[in-house]
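A look at the structure
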Amino acid sequence: MKDELQGSPYRRHRNDLEAGSSYEDDDDDAGSPFYIVRTKRASIDKLRRWRQAALVLNASRRFRYTLDLKKEEERKELIAKIRMHAQVIRAAVLFQAAGTGLNVSGSAKLPSSPTRVGEFGINSEELVAMSREHDLSFLQQSGGVKGVAGKLKCNVEKGVTADEADLIDRKKAFGSNTYPRKKGRSFWMFVWEACRDTTLIILMIAAAASLALGIKTEGIKEGWYDGGSIALAVLIVIIFTAVSDYKQSLQFQNLNEEKQNIQMEVVRGGRRIKVSIFDIVVGDVVPLKIGDQVPADGLVISGHSLSIDESSMTGESKIVHKDPTRAPFLMSGCKVADGYGSMLVTSVGINTEWGLLMASISEDNGEETPLQVRLNGVATFIGMVGLAVAAAVLIILVVRFFTGNTKDPDGTVQFIAGKTKVGDAVDGFIKIFTVAVTIVVVAVPEGLPLAVTLTLAYSMKKMMADKALVRRLSACETMGSATTICSDKTGTLTLNQMTVVENYVCGKKTDSPDNKSLLPPRMISLLIEGIAQNTTGSVFLTEGGAMEISGSPTEKAILQWAVNLGMDFAASRSNSAIIHAFPFNSEKKRGGVALKLSNSEIRVHWKGAAEIVLASCTHYIEADDNVAEIDEEKLSLFREAIEDMAKESLRCVAIAYRTCGMDEVPTTEEELENWQLPEGNLILLAIVGIKDPCRPGVRDAVQLCVNAGVKVRMVTGDNLQTARAIALECGILGSNEDATEPNLIEGKTFRNMTESQRLEVADRISVMGRSSPNDKLLLVQALRRKEHVVAVTGDGTNDAPALHEADIGLAMGIQGTEVAKESSDIIILDDNFASVVKVVRWGRSVYANIQKFIQFQLTVNVAALVINVAAAVSSGNVPLNAVQLLWVNLIMDTLGALALATEPPTDHLMGRPPVGRREPLITNIMWRNLLIQALYQVTVLLVLNFRGKSILNLKNDTDDHAFKVKNTLIFNAFVFCQIFNEFNARKPDEINVWKGVTKNILFMGIVGIEVVLQVMIIFFLGKFTSTVRLSWKLWLVSLAIGFISWPLAMVGKLVPVPERNFSEYFRKSGSKKKRLSDKEGVASLEGYAE
């Protein structure tokens, strides 16, 4: 027997010739370290490069939701150690077995007095030792699989009872299928991380120094205000930041738990039911099929061509064959690579190697997204400008102060060399220094990259309600750039509710497919035998007499048809025994079984794609039960029947059989395992047409994609004519005229093309029929080479390479295998194409929300910096002090991000073309909007700064009071400009900025909080913020200045902008220089060669 077979079919190498060459985005290696098109398979070097290039004030906070490179290395080392431990144990067992023989009684003795829990005949320690050491001798002494099942008080066919008390007893005796998880970080950890911001630390030190000097010079009653107000403002910023970050982390924790909650099928009380993987208990019987995850350690009860991929535990991509006698041990966490069977669960949770592995490693190690990396680049650029401005302000103010050019509002010079006290001079310097540092706080937009995480966390939570579970953060935003969706047909575009509506039996179409009186008895007997045995489904008869049919939708439809013809499932299966099986294969599109009847006769039954099975048939059964040869006339009749059914959008399945002589059947078990079932000279029994109606609303969803500039392509394993009919019904094909090659193409035709031909036709393909998973992979690669951003849906194990290769892999939650889900980026929980379209909306919403936030934040940055620099240069005083700037920073960073990053998606987003991955983040529309608003704010507030005293008629006030009133008005107006501008930022390219605003309760709540807090600051916290109470007239002036930003934004949106982005002009001149230097380099190389 060959224990180790070829490599796993769903773990292809990137350079696998059969799979086609993988397309990598290498063009992002050059140029900016912040430009990574695709983080899905980005190298560690690329990820490290952008981190080193970023200007960061608080690394622990900025990089919290990115991949922790150090932890990732530690995790890999830990996994390698645990895998090595498992391999060492297995190697020792194999060595011992080789030296002493398999049946040595001394190799594992039953304990003389084992500790038992409950009434079970075997304890947890014995089961764990047997599983971990793959101890066959202990298993044999325990009576084999059936003996262990007996000791566990369960039946290998019916499983455990579904009694709740029994399940609780099993959990007490053997543990639950869970493992200890590392607790999430507490709120105080987030407070500590927020405190580690470099600028906030500097401000706290400056506040402490100011506090000490203030108390020393003015006494504790008045002297603590300056330093205390800065400290309080910093504290508020820290608490707001920590609360926001903590809430995000809780959302991610909940989503991680959802990802791990796999639904498994188990047999309890003879009935197949679905339970959470965490609810599986020792003694459970679990049916396994290709693509399933092994949910716990266990033993094979029965298996047909059952092969397991143990790479998750061993690290080696080798497929190991399993059978009940020689290789019965199954390890938790491994995947079923081929075949089907059932297992008995013997160890769960922490008692398995997989449980130990999962308990040892960190569950979620973070992951950056392309947008997050790009925003770090934007933040770094803005931050550098801000640092330069802050340095300039510091130098100017310090020089003016120490040269005696800085005066108080009443005209008193603040510093006179030799006369001013040292304490006063230091206090004056600290105030200047805190303003400069606060400018850095405002200028370096720490919240900008984190706004991506905030909007993704919000979107992921909302997408769960829209039946989409995001496994990779980057996929959520990449979906907004998708230019094409390659969708499966069955279950995604259709309902997956299949019924047999037509059949051809005895060489002719029957009027009623369920009418057994129209079929000869022998035909019914053969059909029932083939359907009952050649299936991975089952039929369960409840106590009330109701039928419960389980399995894939196709299997259920055929089983239901057989039940209508009079099939007794259990009796039919007991009349013969399966000696070998060829599980259904998406490459060959058929599956078969070899049966040994009670009279020792051997029959081979096949079932699969109608035209493929028909091609292997040479005979059929006539109405009188006689076997007749299929001549050319009959063959063309059958082919025509298949085509007619396909045109009616029916899935066509053929059922056939043949007998085998005993001399054709291998005699040894090893030969039987590798036996290729006879595929030729089959006798056709029936061709059935299965109806799977289109999903309601799918045509509208497809049209929505078309309007959004996203091309929908159908890639299906079904007959080309069936695919064509469904595509016309769904709107993927506009008319019959479109249904020509290469719009409509067969997988084989596409596969046989050269790579250049595939690239040529890939764009035009709308429907691919009779495609294999490899054809889907080739199509994805061709489309990606054509610069498409490709989303792919898949449910089968063999879809894994295409899901992995695509920019966004979408696995089906109901019909999808665990292998497909693990290779995917997003799981569509209801298998509905309309949910895929909702994901596109959310992806676009993420990008749009970030752009809104950038526009809003840059407006504040530009205005605040220009106002303070202009005032510092001209008068030596800044109108916005440190505490006021910290409040503005809070509005801009934390509250602004919360308000704008959580805007729900609108239909307007689906009227635009996809967002190009190379498109600049700041569009011309955004530049126009932010420059108009910033220019307005700067102009109005600088006029108030320099002419405020006369404009506001404050000549009769004292100089100090007039100065404070003017600066308070500037601060109040500036804040209200930002509050009104938040509404403008909601709709950067729409006139009506209030549309849908009342539906966004969070936005309205945050705006309300900002207004209330601003009123409280002006009325009650004047001592802290160096402000005074304003008259109602000045409140109206503040509101009017803010309000004008609304009509100004409306008028501004009428100003046309060029289509070409401003940044491209700089890029073009840069690329010209690059090309020139490249030419010079080539010339020098040529000269060197000569």
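In this text the structure is predicted, and so the values were computed from the model without any measurement.

Definitions and cut-offs
- Residues numbered from 1 in each chain as written.
- Predicted model: local features only at pLDDT ≥ 70, side-chain atom pairs only at ≥ 80, totals over all residues.
- Heavy atoms only, no water.
- Helix = DSSP H or I, 4+ residues; strand = E, 2+ residues; numbered from the N terminus.
- Buried < 20%, exposed > 50% of the residue type's maximum accessible area, 1.4 Å probe, protein only.
- Contact = heavy atoms within 4.5 Å.
- Areas by Shrake-Rupley, 256 points an atom, 1.4 Å probe, with all protein chains shown as cover.
- pLDDT = per-residue confidence, 0-100.
- Phe/Tyr/Trp six-rings, centres within 6.5 Å; stacked < 30°, edge-to-face > 60°.
- Lys NZ or Arg CZ within 6 Å of the ring centre and 35° of its normal.
- UniProt positions renumbered as here; feature names shortened; annotations may be inferred.
- Pairing = 2+ DSSP bridges.

Some words on the overall build of the protein chain
A tally of helices and strands in the protein chain yields 39 helices and 27 strands. Put simply, the protein chain has 1090 residues, and 56% of those count as buried. Partitioning the intrachain contacts of the protein chain with sequence separation of at least 6 by distance along the chain shows that 74% fall at a separation of at least 24. Total accessible area computed for the protein chain in this model is approximately 46300 Å², and 57% of it derives from carbon and sulfur atoms.

Here we look at the confidence of the model for the protein chain
When the pLDDT values of the protein chain are averaged, the result is 83; 87% of them are 70 or greater. Here residues 1–22 is modelled with pLDDT under 50, and outside its nearest four sequence neighbours on either side it reaches 58 contacts, counting other chains as well. Contacts for the low-pLDDT stretch residues 26–30, under 50 throughout, to residues beyond four places or in other chains number eight contacts.

Thoughts on the packing of aromatic side chains
Under the definition given, this model contains 18 aromatic pairs. An angle of 75° between the planes, with centres 5.8 Å apart, marks the rings of Tyr620 and Phe638 as edge-to-face. Placement of the pair is Tyr620 in strand β18 (residues 617–621) and Phe638 in helix α22 (residues 632–647), with a sequence separation of 18 residues. The residues Tyr620 and Phe638 share a single accessibility class, namely buried. Of the aromatic side chains, those joined through ring pairs into one cluster are Phe980, Phe983, Trp994, Phe1003, Phe1043 and Trp1046. The positively charged end of Arg590 is found above the aromatic ring belonging to Trp606, 5.6 Å away from the centroid.

Here's the deal with the environment of Asn515
Structurally, Asn515 can be placed in the loop between β12 (508–509) and α18 (521–533). Put simply, Asn515 and Trp561 are 46 residues apart on the chain and 10.0 Å apart in space, counted from C-alpha to C-alpha.

Thoughts on the UniProt feature "transmembrane region" (unreviewed entry) in the protein chain
UniProt feature "transmembrane region" (unreviewed entry): in the numbering of this structure it lies at residues 190–215, 227–246, 378–402, 432–458, 853–873, 925–946, 1001–1022 and 1034–1055. For the annotated span residues 190–215, helix accounts for 92% and strand for 0% of the residues, and the straight-line distance between the end C-alpha atoms is 32 Å. Taken as a whole, residues 1001–1022 contains 95% helix and 0% strand, while its terminal C-alpha atoms sit 31 Å from one another.

Describing the pairing of strand β4 (residues 285–289)
Here β4 lies mainly inside the structure; four of its five residues are buried. Inspection of the sheet shows β4 paired to strand β8 (residues 335–347) by five bridges, in the antiparallel sense. Each residue of the ladder has a partner; that of Leu288, found in β8, is Gly341.

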